[in-house]
Each structure stands twice: as structure tokens, then as C-alpha cells.
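For reference, the chains in residue letters:
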Amino acid sequence: MTVKIIAEIGINHNGEMELTKKLIDAASLAGCDYVKFQKRTPDLCVPEQQKNKIRKTPWGEMKYIDYKHKIEFEKEQYDKIDEYCREKKIKWFASVWDLPSVDFCSQYPESTMKIPSALITDLELCRYARSKCKTLIISTGMSTEKEIINCVKECNPDVIMHTNSSYPSKIDELNLSYINYLKTNHPKKDIGYSGHEYGLITTFATVAMGVKWIERHITIDRTMWGSDQLSSVEPSGLMKLVKGVRDIESSIGSGGPREVIGSELDKRKSLRGT
């Protein structure tokens, strides 16, 4: 199976459709399989004590709930996203943060949804998303092993993503060896990696460890305003990411007993005569 590469736009579009199209263009050009968004119902997802807090934004100071509504795409925008992704020949899906968002995403033909790390303990949401999609992905950040096992039992996900939920993640806290643990304990599941660290080397390492899915946040410019921009990959980095993943896949080979193959045959003949 070729590694599936997800370019997470998330909320890095800042509510702007033209910026969204540029991010889709970057992911499509790089050769990613998917772009991913985050779908929320702000009135349900924002805690009551946070709703009226004042936040500084590029559009001036506003209540946090008003900011969340401003950057939340609705059907008009997602219809445009759906059409544009089909034009660019790249699939899209979203992380779902509440039950209405599951219903919203189920309107579209790409039957894939993701439960974000923050919500794998919301078993009602996990079960409901499972009932509404063909491919269900969960992320394991900020969770105990017991919480992860409970989620897997309740919703039977297709993909389990290892991740560290800090933005950006510290390299010495990535614990990539957990990928091997997941592969051993969930042999019938696809195991993936969602990275929030600086750089690409550690993400490349997960390909050699056998992950089937990779996800990285993307941005046009890491200095842009927004909570996820700094730990995201810019377009040039995204090109390097996809090429690196594909090169590693190609280099791994089939294993088994050593054989003389390819260009080695000519070298063997010139140096050994046989």
C-alpha cells in the first residue's frame, strides 16, 4: 500500500477562500492524496467561559465566539472547496468536532472523517462518525492507552494516527517507537503519523517504520497569523515531504534473501567477470 499523504489545511485558511485555493493548489502540485479541514459548530464547541473573551485578530478585537464563527466555513464555502478539489484532482475531508459537523460532512461524496485527538474520549461522537463514514481516522495525542483502547473498541476506526498534540512538538517527546507498539497491538488497522514538529526528518523516519498514512499541517507562510501556522509546512517543504516519502517507499524494496539486481549486474560483470 502506498502511503497516503494528508495536507492539513485545518484553520490555516483564516476564513479566506482565495487563501484556501492557494493551499489546495500547493497540496495538489506536491502530489498529496488529501487536503483536510476542521469542521466545528462554534456554539457547541466553544466552552461557555471562553465565548465572550476578547481576542485580538487581524480583523480587530472581537469576542472569541465571533472569531470562531468568522473563520468557520459553511455549505457555500465547502461546495466551492468540493468543486475546486475535483478540478485539482485531490480529495478532501475534515476532522469533525461535534454531531452536526458529522451530518454536515456526510453530505459530500468523500466518505472519510477524522476524530481529533481532543475528542477520542467523546465516544458518542466517535460512534456516530463511524456510522456515517466509510473510512474513520482517529488521532491519539494527549490520550492514555486506556482512552485509546476504549475508543478503538467503541468505533472500530480504520486508521490510528500516532501524534504529539503540542504545537510545535518537541523532538525528544515524539516517541516514534509508539508506532511499533500500535502496529503490534492493532495488526488489522492502518497505523499513521500526524506530525506537528519542526522539520521533515522525523516524519520521514515514520515511513521506514511502516506507517500507511502521514499528515502534516500546511501553510503558505509560517509567519502568518494563526495558532497552527508556525508548526506547519510551507509549499516548498511540502514538495520535499512528498518526494521524500515516495523515495523512501521506493528504496525499501521487498526484503528477502540478497539478490544482485539492476545496475549491480553490470558492475558485477566488470569487476568479477561473471
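Thresholds, definitions, all that
- Residues numbered from 1 in each chain as written.
- Predicted model: local features only at pLDDT ≥ 70, side-chain atom pairs only at ≥ 80, totals over all residues.
- Heavy atoms only, no water.
- Axes fitted to C-alpha atoms, helices over the stretch in contact; angles between N-to-C directions.
- Helix = DSSP H or I, 4+ residues; strand = E, 2+ residues; numbered from the N terminus.
- Parallel < 35°, antiparallel > 145°, perpendicular 65-115°, else oblique.
- Left-handed = near helix turned anticlockwise from the far one by under 90°.
- Contact = heavy atoms within 4.5 Å.
- Nonpolar A, V, L, I, M, F, W, Y, C, P; charged D, E, K, R; others polar.
- Salt bridge = Lys/Arg side-chain N within 4 Å of Asp/Glu carboxyl O.
- Disulfide = S-S within 2.5 Å.
- Buried < 20%, exposed > 50% of the residue type's maximum accessible area, 1.4 Å probe, protein only.
- Pairing = 2+ DSSP bridges.
- Right-handed = clockwise from strand over helix to strand, strands pointing away.
- Lys, Arg positive; Asp, Glu negative; His and termini not counted.
- Polar contact = N/O pair within 3.5 Å; in protein donor to acceptor, adjacent residues only side chain to side chain.

Turning to the packing of helix 10 (residues 201–208) against helix 11 (residues 235–252), a few remarks are in order. Closest axis-to-axis distance for the helix 10/helix 11 pair is 9 Å, and the angle between their directions is 30°. When the axis of helix 10 is compared with that of helix 11, the two are roughly parallel. Both helix 10 and helix 11 take part in a crossing whose hand is right-handed. Residues T203, F204, V207 and A208 of helix 10 pack against K240, L241, G244, V245, I248, E249 and I252 of helix 11. Looking at the contact of helix 10 with helix 11, its residues break down into 7 nonpolar, 2 polar and 2 charged.

Our next topic: the pattern of salt bridges. Inspection of every chain in the model, using the stated rule, returns 18 salt bridges. A salt bridge links K132 to D103; the nearest nitrogen and oxygen atoms lie 3.9 Å apart. Of the two residues, K132 is situated in helix 7 (residues 123–132) and D103 in helix 6 (residues 99–105); the sequence distance between them amounts to 29 residues. Several salt bridges converge on common partners, so that one network encompasses E8, K36, K114 and E215.

Considering all chains together, one arrives at 0 disulfides under this definition. C85 carries a free sulfur, and the closest cysteine sulfur to it, the one in C32, is 11 Å from it. A relative accessible area of 1% places C85 in the buried class.

This part is about the sheet that holds strand 10 (residues 213–217). What the 8 strands build is a closed barrel, ordered 1-2-5-6-7-8-9-10; its pairing is parallel. Strand-to-strand twist in this sheet, taken as the mean axis angle between neighbours without regard to direction, amounts to 25°. Looking at chain direction, strand 2 (residues 34–39) and strand 5 (residues 91–96) are connected through 6 bridges and run parallel. Bridge pairing in strand 5 links K39 to V96. Along the sheet, helix 11 contacts strand 1 (4–10) and strand 10; its crossing angle with strand 1, the most-contacted strand, is approximately 160°.

Now for the pairing of strand 9 (residues 190–195). The element strand 9 is largely enclosed, with a buried count of 5 among its 6 residues. Bridge analysis of strand 8 (residues 159–163) against strand 9 gives 5 bridges, and the strand direction is parallel. Bridging from a neighbouring strand, H162 pairs with Y193 of strand 9. Note on the crossover from strand 8 through helix 9 (residues 178–185) to strand 9: the handedness is right-handed. Summarising the sheet, strand 9 and strand 10 pair through 4 bridges and their orientation is parallel. Following the sheet pairing, Y193 is matched in strand 10 by I214. In this fold, the crossover linking strand 9 to strand 10 by way of helix 10 has right-handed handedness.

A few words on the packing of helix 1 (residues 17–30) against helix 5 (residues 75–88). For any two helices packed against each other, the geometry is given by the interaxial angle and the distance between the axes. Packing of helix 1 against helix 5 leaves a shortest axis separation of 11 Å and a crossing angle of 25°. Relative to helix 5, helix 1 is oriented roughly parallel. The interaxial crossing formed by helix 1 with helix 5 has right-handed handedness. Of the residues in helix 5, those in contact with M17, T20, K21, I24, D25 and S28 of helix 1 are Q77, K80, I81, Y84, C85 and K88.

This part takes up the side chain of R40. When you line up the elements, R40 lands in the loop between strand 2 and helix 2 (42–45). For the buried R40, no salt bridge is present, and the opposite-charge side chain at shortest range is E72, 5.1 Å distant. Polar side-chain contacts of R40 include one of 2.9 Å to the side chain of Q38. Not counting chain neighbours up to four residues away, the residues in contact with R40 comprise I11, C45, K68, E72, W97, D98 and S101.

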